[in-house]
Amino acid sequence: MRIALIAHDKKKDDMIALAVRYRDVLAEHELFATGTTGTLVMGETALPITRMKSGPLGGDQQIGSMIAEGKMDLVIFLRDPLTAQPHEPDVSALLRLCDVQSIPLATNARSAEIMFRALREKAI
């Protein structure tokens, strides 16, 4: 399964914690991430991750393109709903693509945990 990992700045620590806790699950899949998120997760887990550009520099759009082309199976996008994002149109487009393509999407740590548990149990 191809999994995208994306996290806004104030959610990067949450993403790292999830990746460490579910390292065994993530290790069984092909991982992609936006620039900084990918670097931080790789540094803490040693998992191989294909890194895109930083979100504001086009990384969200790169992952969106993969979704549109049917090359992504699951997206974990830990969003910060309390901070304005300069690239909000890109974020909205990525979320819309997930809905259009019926790609499972977690936008907070609890929903991401549910998805990781389902992967662990081979339920999805």
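Scroll up for the structure.
Residues numbered from 1 in each chain as written. Predicted model: local features only at pLDDT ≥ 70, side-chain atom pairs only at ≥ 80, totals over all residues. Heavy atoms only, no water.

(A) Layout of the pairing of strand 2 (residues 30–33). Strand direction decides the pairing type here: strand 1 (residues 2–7) and strand 2, joined by 4 bridges, are parallel. Directly across from A4, in strand 2, lies its bridge partner F32. Remark: the strand 2/helix 3 (residues 35–45)/strand 3 (residues 49–51) crossover connection has right-handed handedness. (Pairing = 2+ DSSP bridges. Helix = DSSP H or I, 4+ residues; strand = E, 2+ residues; numbered from the N terminus. Right-handed = clockwise from strand over helix to strand, strands pointing away.)

(B) Representation of the side chain of T34 within the structure. Looking at where T34 falls in the secondary structure, it is placed in the loop between strand 2 and helix 3. Sequence-distant contacts of T34, that is, excluding residues within four places in its chain, are made with L5, I6, A7, M52, K53, G55, G59, D60 and I63. (Contact = heavy atoms within 4.5 Å.)

(C) View of unusual backbone geometry. The phi torsion at A46 lies on the positive side, around 60°, for a residue other than glycine. Counting through the fold element by element, A46 comes out in the loop between helix 3 and strand 3. Using a relative accessible area of 62% as the deciding quantity, one classes A46 as exposed. Even without being a glycine, S102 presents a positive backbone phi close to 55°. With respect to the helices, strands and loops of the structure, S102 is situated in the loop between helix 5 (88–100) and strand 5 (105–106). Overall, S102 belongs to the exposed group, its relative accessible area being 61%. (Buried < 20%, exposed > 50% of the residue type's maximum accessible area, 1.4 Å probe, protein only.)

(D) Quick look at the pattern of salt bridges. Across all of its chains, the model carries 7 salt bridges by this definition. In this structure, D24 engages R120 in a salt bridge whose closest nitrogen and oxygen atoms are separated by 2.8 Å. Separated by 96 residues along the polypeptide, D24 in helix 2 (residues 23–26) and R120 in helix 6 (residues 109–120) bring together distant segments of the chain. Judged by relative accessible area, R120 falls into the partly exposed class, the value being 40%. (Salt bridge = Lys/Arg side-chain N within 4 Å of Asp/Glu carboxyl O.)

(E) Inspection of the sheet that holds strand 3 at higher detail. Reading across from one edge, 3-2-1-4-5 is the order of the 5 strands in this open sheet, with parallel pairing throughout. Of all the strands in the sheet, just strand 3 and strand 5 have a single pairing partner and so form its edges. When strand 1 meets strand 4 (residues 74–78), the two strands line up parallel, connected through 5 bridges. Each residue of the ladder has a partner; that of A4, found in strand 4, is V75.

(F) Structural view of the environment of D90. Tracing the backbone shows D90 in helix 5. Sequence spacing of D90 and Q61 is 29 residues, and the spatial spacing of their C-alpha atoms is 6.3 Å. Residues contacting D90, with those up to four places away along its chain left out, are D60 and Q61. At 2.8 Å, the side chain of D90 and the side chain of Q61 are in polar contact. (Polar contact = N/O pair within 3.5 Å; in protein donor to acceptor, adjacent residues only side chain to side chain.)

(G) Region of interest: helix 4 (residues 59–68). Within helix 4, the full set of buried residues consists of G59, D60, I63, G64, M66 and I67. In a view along the axis of helix 4, the buried residues occupy a sector of 155°, so they form one face of it. Downstream of helix 4 by a residue or two, G70 has a phi angle that is positive, lying close to 75°. (Arc of directions from axis to C-beta.)

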